Amino acid sequence: MANNLTVSGTNDPYAATSYSATANDKNTITMTGFFQLLATQLQNQDMTNPMDNSEIMAQMTQMAMVQSMTSMTDSIKNSTAISTQVYAASLVGQEITVAVTKENSYGQEEPVDVKYAKVEWVDFTSGSPTFKIEGDSKTYPMTHLVGMGKVPNPFGKPEDTETDKDDDGKTEGTGDATKNKANGIGSIATL
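Throughout what follows, the structure given in this document is the object of discussion. What you are looking at is a predicted structure, and each value in this text was computed from that prediction instead of being measured.

1. Description of the pattern of salt bridges
Taken as a whole, this structure holds two salt bridges when the rule is applied. Notably, a salt bridge pairs K132 with E120, separated by 3.1 Å at the nearest N-O pair. Pair noted here: K132 is in strand 3 (residues 130–133) and E120 is in strand 2 (residues 109–123), with a separation of 12 residues, a long-range link. Judged by its relative accessible area of 14%, K132 is buried.

2. Observations concerning the sheet that holds strand 2
Sheet architecture is open: five strands sit in the order 4-3-2-1-5, paired in antiparallel fashion. The two strands at the open ends of the sheet, each matched to only one other strand, are strand 4 (139–141) and strand 5 (145–148). The sheet shows a mean angle of 50 degrees between the axes of neighbouring strands, taken without regard to direction. As defined by bridge partners, strand 2 adjoins strand 3 across four bridges and the pair is classed as antiparallel.

3. Examining the pairing of strand 1 (residues 95–103)
On any regular strand, side chains alternate: one points to one face of the sheet, the next to the other face. Relative to strand 2, strand 1 runs antiparallel, the two sharing nine bridges. Bridge pairing links T97 to Y116 in strand 2. What sits between strand 1 and strand 2 in their antiparallel hairpin is a turn of five residues, with G107 showing a positive phi close to 85 degrees. Note that strand 1 and strand 5 share three bridges and pair antiparallel. Within the sheet, the bridge partner assigned to I96 lies in strand 5 and is M148.

4. Side note on the packing of aromatic side chains
Applying the stated criterion to the full structure yields two aromatic pairs. The ring of Y116 has K150 sitting right over it, with the charged end atom 5.8 Å from the ring centre.

5. Some thoughts on helix 2 (residues 53–90)
An ideal rise of 1.5 Å per residue puts 56 Å on 38 residues; helix 2 measures up with 55 Å between its terminal C-alpha atoms. Those residues of helix 2 that sit buried are I56, M63 and A88. Tucked inside the fold, the buried residues of helix 2 contact helix 1 (31–43) and strand 2.

Parameters and conventions
Numbering of residues begins from 1 in every chain and follows the order in which that chain's sequence is written. With pLDDT at 70 or above as the cut-off, local features in this predicted model cover only qualifying residues; side-chain atom pairs require 80 or more to be listed or tallied, and sums for whole chains, interfaces and linings still use all residues. For the side-chain quantities, the full set of heavy atoms in the structure was used; hydrogens and water were omitted. One side-chain nitrogen of Lys or Arg within 4 Å of one carboxyl oxygen of Asp or Glu is enough to make a salt bridge. Numbering of helices and strands runs from the N terminus; a helix is a DSSP stretch of H or I covering at least four residues, while a strand is a stretch of E covering at least two. The buried label applies to any residue whose accessible area, calculated with a 1.4 Å probe on protein chains only, is under 20% of its type's maximum; exposed applies above 50%, and partly exposed to all values in between. Here, any two strands with at least 2 DSSP bridges between them count as paired. Axis angles are defined between N-to-C directions and span 0 to 180 degrees, where every axis is a line fitted to C-alpha atoms and, for a helix, only to the segment in contact. Aromatic pairing here means that ring centres of Phe, Tyr or Trp (its six-membered ring) are within 6.5 Å. Orientation follows from the plane angle: under 30 degrees is stacked, over 60 is edge-to-face, and everything else is tilted. For a lysine, the NZ atom is tested; for an arginine, the CZ atom; a charge sits over a ring if that atom is within 6 Å of the ring centre and within 35 degrees of the ring normal. One less than the residue count of a helix, multiplied by 1.5 Å, gives the span that helix is expected to have. We call two residues in contact whenever any of their non-hydrogen atoms come within 4.5 Å of each other.

In structure tokens:
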């Protein structure tokens, strides 16, 4: 007897995946489609028990509200995208703190350290802005931006990096935890 078992579509059944519904012809109705549906509904209604005018108005009001919310959501997305681009463009020449990440056992990037450098350029061609810092060939997404200036390292051990030294040559973030806490320096676990 032949073995007709189907094989799973993934090599790793424990891989972290996510699914998001996208608009298509089967799950989205436009205002034109709504009016066509309403006209068909009115044409094919039971003449002995016609639709109530208030029911028709309620449906039209609901569709208008959905249309308005869709327009408002699109407007907010466009506004956010423009704001992000303006902010990203303002980073050029500024000293920033960037999260350095590595892939964990689940295949997700997690922050492990930070880098301090000036932004050389910002790229808008990939959809969301990416930037490049001086002395590093890698481009970073905006999500890796930790802050402006030298933000204390919340991810790794500051004493492991040479770039964490202040102007006096002392390593920032080391020493007694209570003293660092009083100075505003501390890890997430000690705060």
